[in-house]
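As a plain string of letters, each chain reads:
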Amino acid sequence: MIPTDQLLAFVAEDVSAGDITTLALLEDKAVSAHIEAREEMVVSGVEECVWLFKNAGVLTDVHVSDGSTAHSGEHIISLKGSVHAILSLERTCLNLLGRMSGIASSAAKASRLVSVVNDHVRVAGTRKTAPGLRFFDKKALIAGGALPHRHTLFDQFLIKDTHRAFMPVDEAVRKCREYSDKKIECEVESAEDALLAAKTGADIIMFDNMTPDLIREAIAALEAAGLRGEVTLEISGGITPETVDKYAGIDVDVISMGALTHSVRCADVSLEVDL
């Protein structure tokens, strides 16, 4: 279920009291138009654009669905309806479609790079999303084949360095286990903390900003203690689509990347009127 109230708020932010340029220049009439890809991309945001146009009485025909690849010049959505409605929605729809497709394309690229090295490892996003856009950013990650990670702070525990500043790893894990039966993930920065977290009952261990050598050392310690199979292992911290393949060969389960959503390069999409 898409959050239609947010979509309408996006339109209201842009249109406000009206699109005065379109109102001044064009008599309202039915026209045909289309949204096209200007580069190859994994598409995301089509469902949202279709809802907005349909809500304004514009007919739509989808040619490339969410999660599929569009090639440069390919039509993604065809439109037919009021020229006032189409042009008033143009920028809101293109901004959302471009951002979501940019995230999906980056997620797909990172996943491909990882799978070449190790098809066991999954790429994931993080909570480093733009405020107000988390639903759309997370949906785009999924369209690109990545895991969304936590949506909210309530989904599961994540013991970070800011928590560990107040108490040791094992105490933090125990307190979380007493509080709820939700999964416990714990950031660690050393083999010693990884062992403490696993022994105390953490479900997921995140190697945070650790070098590949330190990560392998921690995994070896977990294997020696017979704990590797008891936990999910995740790598995070400063990893980008350009560097993710350097970590893919390490025996972990997940590589999470904040860059997929905090440093978005929007995909190039445009709306063209078919005169």
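Whatever comes next refers back to the structure up there.
Described in the following lines is the structure provided in the data block. Since we're looking at a predicted model, the values are computed, not measured.

1. Quick word on the packing of helix α1 (residues 4-15) against helix α3 (residues 46-55)
- Relative orientation of the contacting elements α1 and α3 amounts to 70 degrees, with a least axis distance of 11 Å. When the interaxial angle is binned, α1 and α3 end up roughly perpendicular. Judged by the twist between their axes, the crossing of α1 over α3 is right-handed. Seen from α1, the contacting residues are Thr 4, Leu 7, Leu 8 and Val 11; seen from α3, they are Glu 48, Trp 51, Leu 52 and Asn 55.

2. Quick look at the packing of aromatic side chains
- Summed over the entire model, instances satisfying the criterion amount to 3 aromatic pairs.
- Look at Phe 135 and Phe 136: their rings are 5.2 Å apart centre to centre, the planes differ by 85 degrees, and that puts the pair in the edge-to-face class.
- Note on Phe 135: relative accessible area 30%, which makes it partly exposed.
- The class for Phe 136 is buried, based on a relative accessible area of 1%.
- Between the aromatic rings of Phe 157 and Tyr 179, the centroid separation amounts to 6.3 Å while the plane-to-plane angle is 80 degrees, which identifies the pairing as edge-to-face.

3. Considering the environment of Ser 68
- Checked against the element boundaries, Ser 68 lands in the loop between β3 (59-62) and β4 (69-70).
- What makes Ser 68 partly exposed here is its relative accessible area of 28%.
- Here the alpha-carbon distance between Ser 68 and Phe 166, two residues 98 residues apart in the chain, equals 46 Å.
- Residue contacts for Ser 68: discarding those within four places in its chain leaves Met 41, Val 42 and Val 43.

4. Quick look at the packing of α3 against helix α4 (residues 83-117)
- Relative orientation of the contacting elements α3 and α4 amounts to 165 degrees, with a least axis distance of 9 Å. Our classification of the angle between α3 and α4 gives roughly antiparallel. As for the relative orientation of α3 and α4, their crossing is right-handed in sense. Contact residues: Val 46, Glu 48, Cys 49, Leu 52 and Phe 53 in α3; Ile 86, Leu 89, Thr 92, Cys 93, Leu 96, Leu 97 and Met 100 in α4.
- When grouped by side-chain class, the residues that make up the contact of α3 with α4 number 10 nonpolar, 1 polar and 1 charged.

5. What to know about the pattern of salt bridges
- Across all of its chains, the model carries 13 salt bridges by this definition.
- In this structure, Arg 99 engages Asp 137 in a salt bridge whose closest nitrogen and oxygen atoms are separated by 2.9 Å. Of this pair, Arg 99 sits in helix α4 while Asp 137 sits in helix α5 (residues 134-143), and the two are 38 residues apart along the sequence. With respect to class, Arg 99 is no different from Asp 137; both count as buried.
- The network of salt bridges with shared partners includes Glu 47, Glu 48 and Lys 139.

Conventions we followed
Residues numbered from 1 in each chain as written. Predicted model: local features only at pLDDT ≥ 70, side-chain atom pairs only at ≥ 80, totals over all residues. Heavy atoms only, no water. Axes fitted to C-alpha atoms, helices over the stretch in contact; angles between N-to-C directions. Helix = DSSP H or I, 4+ residues; strand = E, 2+ residues; numbered from the N terminus. Parallel < 35°, antiparallel > 145°, perpendicular 65-115°, else oblique. Left-handed = near helix turned anticlockwise from the far one by under 90°. Contact = heavy atoms within 4.5 Å. Phe/Tyr/Trp six-rings, centres within 6.5 Å; stacked < 30°, edge-to-face > 60°. Buried < 20%, exposed > 50% of the residue type's maximum accessible area, 1.4 Å probe, protein only. Nonpolar A, V, L, I, M, F, W, Y, C, P; charged D, E, K, R; others polar. Salt bridge = Lys/Arg side-chain N within 4 Å of Asp/Glu carboxyl O.

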